[in-house]
Amino acid sequence: MIYIKLYLAFLKIGFLAFGGGYASLPIIQDSIVNNHSWITTSEMTDIVSISQMTPGPVAVNAATFVGVKMAGVLGGIIATLGIITPAFIILLTLMYFISLGSKLITFNSALRALSSAVAILILFQAIEMFQTSIFIFNSGIKIKIHALVTCILGFILYYKQVSISKIILISALTGILYYFLT
């Protein structure tokens with residue numbers, strides 16, 4: 001039964017997840033954290049962080065992680081199949097319409113409108129990730145100083161056009177340093 005639940009949950013996410021990984025994060029969180037309670041908000045943040053360091057789309061990584069957690073390796077495979085099935089179907093359909101060329105003005109207009117919706121989904125997920133990474137909300141609001149310092153450092157380095165891989169490495173080293181100092 002869990003296999004069917006995993007497949008259907010990620011199939012639904014796959015059909016609703018327009019705009020790529022970051023745009024799909026609110027949908028993934030709503031389904032696997034809020035509706036099914038398969039993982040916690042903290043684990044969701046960990047999935048996103050780990051997905052930045054591993055190859056593959058964040059939605060596929062999330063599906064695999066949740067599937068393995070809930071039902072072992074077979075669960076990971078089934079959840080991953082659930083998330084990629086819609087992409088396969090949608091890609092085949094889009095390729096057909098794209099092959100028709102610019103004859104479909106309505107289709108092109110719909111794609112432009114979707115990009116606006118994707119941008120807002122990414123913004124909301126960024127805010128959620130920032131809150132989860134920097135603040136602790138159990139009994140009042142506490143700030144994770146080391147996380148805030150790492151965040152500010154990351155912004156400064158990004159502004160100074162330091163490569164993303166170096167920012168990730170420096171952030172990891174900052175976390176390791178904090179761990180050994182506390």
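This text goes with the structure placed above it.
Owing to the predicted nature of the structure, the values given are computational and were not obtained by experimental measurement.

Trainee: I would appreciate a short explanation of helix α6 (residues 145-159) in the present structure.
Mentor: Residue pairs three or four apart in sequence face the same way in an α-helix, which turns once every 3.6 residues. Taking 1.5 Å per residue, 15 residues should reach 21 Å; α6 reaches 21 Å between its end C-alpha atoms and fits that length. Considered for burial, the residues of α6 that qualify are Ala147, Thr150, Gly154 and Leu157. Viewed along the axis of α6, the buried residues span an arc of 90°, placing them on a single side of the element. Looking at α6, the residues exposed on the side facing more than 90 degrees away from the buried face are Ile145, Phe155 and Tyr159.

Trainee: Teacher, can you tell me more about the environment of Tyr22 here?
Mentor: Its location among the elements puts Tyr22 in helix α2 (residues 21-35). A relative accessible area of 37% means that Tyr22 is categorised as partly exposed. Each C-alpha atom, one on Tyr22 and one on Leu123, is 8.9 Å from the other, the two residues being 101 residues apart in sequence. Excluding its chain neighbours within four sequence positions, the residues that come into contact with Tyr22 are Gln52, Val58, Leu121, Ile122 and Gln125.

Trainee: Help me understand empty space enclosed by the protein in this model?
Mentor: Leftover empty space is mapped by rolling, across the atoms, a probe with the size of a water molecule. The tally for this structure, following the rule as stated, stands at 1 cavity of 30 Å³ or more. Estimated volume of the largest cavity: approximately 30 Å³. Taken together, Gln29, Thr41, Met44, Thr45, Val48, Gln125, Glu128, Met129 and Thr132 make up the full set of residues lining the largest cavity. Elements supplying a minimum of two residues to the lining of the largest cavity: α3 (41-53) and α5 (105-134). Here the lining of the largest cavity is built from residues that sort into 3 nonpolar, 5 polar and 1 charged.

Rules and cut-offs
- Residues numbered from 1 in each chain as written.
- Predicted model: local features only at pLDDT ≥ 70, side-chain atom pairs only at ≥ 80, totals over all residues.
- Heavy atoms only, no water.
- Helix = DSSP H or I, 4+ residues; strand = E, 2+ residues; numbered from the N terminus.
- Expected span 1.5 Å × (residues − 1).
- Buried < 20%, exposed > 50% of the residue type's maximum accessible area, 1.4 Å probe, protein only.
- Arc of directions from axis to C-beta.
- Contact = heavy atoms within 4.5 Å.
- 1 Å grid on protein atoms, 1.4 Å probe; cavity = no way out; pocket = protein on both sides within 12 Å on 5 of 7 lines; lining within 4 Å.
- Points joined across faces, edges and corners; volume = space filled by probe spheres on them.
- Nonpolar A, V, L, I, M, F, W, Y, C, P; charged D, E, K, R; others polar.

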